[in-house]
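# An overview of the molecular structure
Single-letter residue listing:
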Amino acid sequence: MSGHRIPAGIVNARQAKFSLVRYPPTPGLAPFVDHHWVLRWDLSGRPAHEQVVLPNLAVNVTFFRHAEGAFGPGKRPFRHTVAGTGHGIGVRFRPGAFRAFLTGPVTMISGGSVPLTDLFPSAGGVTESVRNATNDFEMVRRCEELLLGGDPVLTAAARSAIEAVETIAADPAITRVGELSSRTGLSQRSLQRLFAEHVGAAPKWAIQVYRLNEAAARIAAEDRPDYAELAFTLGYSDQAHFIRDFRSVTGWAPTEYARLNRVQEQESRREQFPGGPRV
């Protein structure tokens, strides 16, 4: 697996109400999968928590009690509520690689999902095994057995799609589809067809996702973000254009996103130190 940028996109990840552990795939799945991710949470006696994840290009196959399926890349933040006590596992696929598991283009699940049993007849048994698993490795093993059972094949076109996305991921200076065309040697029309079939998103959107996820990470990490400097660094000709694009990807203006992270961080501190000063 390459060391390309993988947008995490977890809003206010420092204050998440769950534990998250990632595991690399077995060599047989490495051409298809970025990693497995296991969530565990215990909110016994506490309010339910809604976690927001920013849009990205990955297809995720998930095994959770109330979120089981293959979820395609979307243009809106994904929201999921955790409550009580629970655990589950997800498989994050390399953008461009999930076409091997579908009967049609990845656009068929863009912005939506498909039940796992539609893709894998034996998925029901795996879901039950995940619910009863006593450790992470048991969950990973059952997921990998399911995915490898169909002997997936990575076609030459899929490899081209993966390489195109990883070209974007490896070089933040790529800000236009024309630049990606020059780097890959593929015409813009060919890129459009390739991305529709294998990635499930247009090349322009793919470039935006990487740029704006990076911006979101910097805004969340910095106490006083310099939005003009950030816009310039990301290749925007003006700050207004950056703000419009940031809102289109995240759902918030940059200042709203910064405020959201700060407010949630303060709320978390109140939970941890209820007798302390209110800021």
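Refer to the structure presented above.
In this report, we go over the structure that sits alongside the text. As the structure is a computational prediction, the values presented were derived from the model and not from experiment. (Residues numbered from 1 in each chain as written. Predicted model: local features only at pLDDT ≥ 70, side-chain atom pairs only at ≥ 80, totals over all residues. Heavy atoms only, no water.)

Grouped burial of nonpolar side chains is what soluble globular proteins tend to show. Core analysis: the largest hydrophobic core is formed by 37 residues, its most contacted members being Leu-57, Phe-195, Phe-242, Phe-246 and Tyr-257. If you list the elements that add at least two residues to this core, you get helix 4 (156–170), helix 5 (177–184), helix 6 (188–198), helix 7 (203–221), helix 8 (227–233), helix 9 (239–250) and helix 10 (254–272). Counting residues per element, this core draws most heavily on helix 7, which supplies ten residues. Ala-123, Met-139, Cys-143 and Ile-162 belong to the second-largest nonpolar core, a separate cluster that totals 33 residues. (Core = buried A, V, L, I, M, F, W, Y, C linked by side-chain atoms within 4.5 Å. Buried < 20%, exposed > 50% of the residue type's maximum accessible area, 1.4 Å probe, protein only. Helix = DSSP H or I, 4+ residues; strand = E, 2+ residues; numbered from the N terminus.)

This paragraph deals with the sheet that holds strand 5 (residues 67–71). Across the sheet, which stays open at both edges, the six strands sit in the order 1-2-7-4-5-8 with antiparallel pairing between neighbours. A single partner strand is all that each edge strand has here, and the edge strands are strand 1 (19–23) and strand 8 (113–114). Relative to strand 2 (residues 33–42), strand 1 runs antiparallel, the two being bridged by five bridges. Note on strand 2: the bridge partner recorded for Ser-19 is Arg-40. Along the sheet, helix 2 (residues 123–132) makes contact with strand 4 (60–64), strand 5 and strand 7 (85–93), crossing strand 7 at roughly 130 degrees. Of the strands in this sheet, strand 1, strand 2, strand 4 and strand 7 are in contact with helix 3 (residues 136–148), which crosses strand 7 at around 40 degrees. (Pairing = 2+ DSSP bridges. Contact = heavy atoms within 4.5 Å. Axes fitted to C-alpha atoms, helices over the stretch in contact; angles between N-to-C directions.)

Inspection of every chain in the model, using the stated rule, returns ten salt bridges. One salt bridge connects Glu-197 with Arg-99, and the closest N-O pair in it is separated by 2.7 Å. Note that Glu-197 is positioned in helix 6 and Arg-99 in the loop between strand 7 and strand 8, a separation of 98 residues in sequence. Glu-197 sits in the partly exposed class, given a relative accessible area of 28%. Glu-229 serves as the salt-bridge partner of Arg-218, at 3.1 Å between the closest nitrogen and oxygen. Linking Arg-218 in helix 7 with Glu-229 in helix 8, this pair joins segments that are eleven residues apart in sequence. For Glu-229, a relative accessible area of 35% gives the class partly exposed. (Salt bridge = Lys/Arg side-chain N within 4 Å of Asp/Glu carboxyl O.)

The next thing to look at is the packing of helix 5 against helix 6. It is the contact of helix 5 with helix 6, at a shortest axis distance of 9 Å, that shows an interaxial angle of 95 degrees. Overall, the two elements helix 5 and helix 6 adopt an arrangement that is roughly perpendicular. Listed contacts from helix 6 to Val-177, Gly-178, Leu-180, Ser-181 and Thr-184 of helix 5 are Gln-188, Leu-191 and Phe-195. For the contact of helix 5 with helix 6, a count of residues per class yields four nonpolar, four polar and no charged. (Parallel < 35°, antiparallel > 145°, perpendicular 65-115°, else oblique. Nonpolar A, V, L, I, M, F, W, Y, C, P; charged D, E, K, R; others polar.)

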